[in-house]
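Structural characterization, general
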Amino acid sequence: MKKKFIHINVFCYLCIAAFLAITITTSIKSGYPWATTCYNCVLGRQICPLGIDPYGFISAAITNDPEIYVDATNIRMRLGNAIDIDPEMILRLPDKSLITAKQLALIKKDMDYEVTTCRIKVKDAATFCPLCGNCDRVCPINLPVLKIIKDLKDDGKF
Ligand code: SF4
């Protein structure tokens, strides 16, 4: 019985080690190995004027993937813009229900209709960010999140 528990422990340690090795490798590839030290305190999320969860930028850096989606609950644009940027982006309607941009376009037809985002790709969130710096200011371990945002603003890539 004791031997069985030792095997389970060893297996768990190996899984954790593999997970850490993968995240460290991908964060080094993105150029932001320090991103792995973020513990997602959620302070930045409460202070972002666009409702962006800054941990989305950190996650993109850790996974080396700017195409992942992030909560962004207060970005406004025309429906036509939303379709051009990403037809799969998730919008929040005035009655609080969620819908993708392409689904709303089928119903609305009016491309000037103003929409509010709910979830968008990290690289797209970066293009809307005015670089106010709030997320850097509130970070308890002084991570320079703005560096990632500025990097993605250039061309949507790391
Ligand atoms: S810098 Fe951008 S992501 Fe950070 S709080 Fe300001 S608007 Fe939000």
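Residues numbered from 1 in each chain as written. Predicted model: local features only at pLDDT ≥ 70, side-chain atom pairs only at ≥ 80, totals over all residues. Heavy atoms only, no water.

The protein chain is annotated in an unreviewed UniProt entry as 4Fe-4S ferredoxin-type domain-containing protein from Desulfobacula phenolica.

1. Concerning the overall build of the protein chain
Short version of the rule: Only DSSP runs of H or I covering at least 4 residues are called helices, and only runs of E covering at least 2 are called strands; the numbering of each starts at the N terminus. Computation of the radius of gyration draws on C-alpha atoms alone. For the globule rule, the value is 2.2 Å times the number of residues to the power 0.38. Here a residue-residue contact requires only that any non-hydrogen atoms of the pair lie within 4.5 Å. Residue-level accessible areas treat just the shown protein chains as cover; the underlying method is Shrake-Rupley with a 1.4 Å probe. In this count, Lys and Arg are taken as positive residues and Asp and Glu as negative ones, while His and the chain termini are left out. Charged groups are reduced to one reference atom each: NZ for lysine, CZ for arginine, CG for aspartic acid, CD for glutamic acid.
Assigned secondary structure in the protein chain consists of eight helices and five strands. For the protein chain, whose C-alpha radius of gyration is 19 Å, the value lies well above the compact-globule estimate of 15 Å for 158 residues. Restricting to contacts in the protein chain with at least 6 residues of sequence separation, those with at least 24 account for 63%. Total accessible area computed for the protein chain in this model is approximately 9300 Å², and 61% of it derives from carbon and sulfur atoms. One way to put it: in the protein chain the 20 positive side-chain charges average out to a point 9 Å from where the 16 negative ones average out.

2. A look at the nonpolar core
Note the threshold: Think of a nonpolar core as a cluster: buried Ala, Val, Leu, Ile, Met, Phe, Trp, Tyr and Cys residues, connected wherever their side-chain atoms sit within 4.5 Å. Classification of residues uses two cut-offs on accessible area relative to the type maximum, computed with a 1.4 Å probe and protein chains only: under 20% is buried, over 50% is exposed, and between them is partly exposed.
Membership of the largest hydrophobic core comes to 38 residues, with the highest contact counts inside it found for Ile52, Phe57, Ile58, Leu91 and Ile149. Of all the secondary-structure elements, those providing two or more residues to this core are helix H3 (55-63), helix H4 (79-85), helix H5 (101-108), strand E5 (114-121), helix H6 (122-128) and helix H8 (145-155). Apart from residues no more than four positions distant in its own chain, Leu91 is found in contact with Leu79, Ser97, Leu98, Ile99, Ala101, Leu104, Val115, Thr116, Thr117 and Cys118.

3. Some remarks on the packing of aromatic side chains
To keep it simple, the criterion reads: What counts as a ring pair is set by centres within 6.5 Å for rings of Phe, Tyr and Trp (its six-membered ring), and what kind of pair is set by the plane angle: stacked under 30 degrees, edge-to-face over 60, tilted for all other angles. In this scheme, Lys NZ or Arg CZ marks a charge over a ring once it lies within 6 Å of the ring centre and within 35 degrees of the ring normal.
Overall, the coordinates contain two aromatic pairs when judged by the stated rule. One aromatic cluster is present, formed by Tyr32, Trp34 and Phe158 through successive ring pairs. One Lys or Arg, Lys108, reaches over the ring of Tyr113 and ends 4.4 Å from the middle of that ring.

4. Quick notes on empty space enclosed by the protein
To keep things clear, this is the line we draw: We place a 1 Å grid over just the protein atoms. Points where a 1.4 Å probe fits but has no way out form a cavity, open points with protein on both sides within 12 Å along at least 5 of 7 lines form a pocket, and any residue with an atom within 4 Å of a point lines it. Grid points are joined across faces, edges and corners, and a volume is the space filled by probe spheres set on the points. Residues were grouped as follows: Ala, Val, Leu, Ile, Met, Phe, Trp, Tyr, Cys and Pro as nonpolar; Asp, Glu, Lys and Arg as charged; and all remaining residues, including Gly, as polar.
Inspection of every chain in the model, using the stated rule, returns two cavities of 30 Å³ or more. Roughly 190 Å³ of volume is contained in the largest cavity. Around the largest cavity, the lining comprises 19 residues; the ones closest to its centre are Cys38, Cys41, Gly44, Pro54 and Cys139. For the lining of the largest cavity, the secondary-structure elements that each account for two or more residues are helix H2 (43-47), H3 and helix H7 (134-138). Among the elements that take part in the lining of the largest cavity, H2 stands out by supplying three residues, more than any other. When its residues are assigned to classes, the lining of the largest cavity shows 15 nonpolar, two polar and two charged. Approximately 100 Å³ is the volume attributed to the second largest cavity. Looking at the second largest cavity, the residues that line it are Cys48, Pro49, Ile52, Pro54, Phe57, Cys129, Pro130, Cys132, Asn134, Cys135 and Ile149.

5. What to know about H8
What counts here: Within this analysis, the arc is defined by the directions that extend from the helix axis to the C-beta atoms.
Among all positions of H8, only Val145, Leu146, Ile148, Ile149 and Leu152 are buried. The buried residues of H8 occupy one face: seen down the axis, they fall within an arc of 155°. For H8, the exposed residues lying more than 90 degrees away from the buried face are Lys147 and Asp154. A positive phi of about 75° marks Gly156, the residue just after H8.

6. Comments concerning the side chain of Lys121
Residue position: Lys121 is located in strand E5. Under the relative-accessibility criterion, Lys121 is labelled buried at 17%. Apart from residues no more than four positions distant in its own chain, Lys121 is found in contact with Pro66, Glu67, Ile68, Tyr69, Val70 and Asp86.

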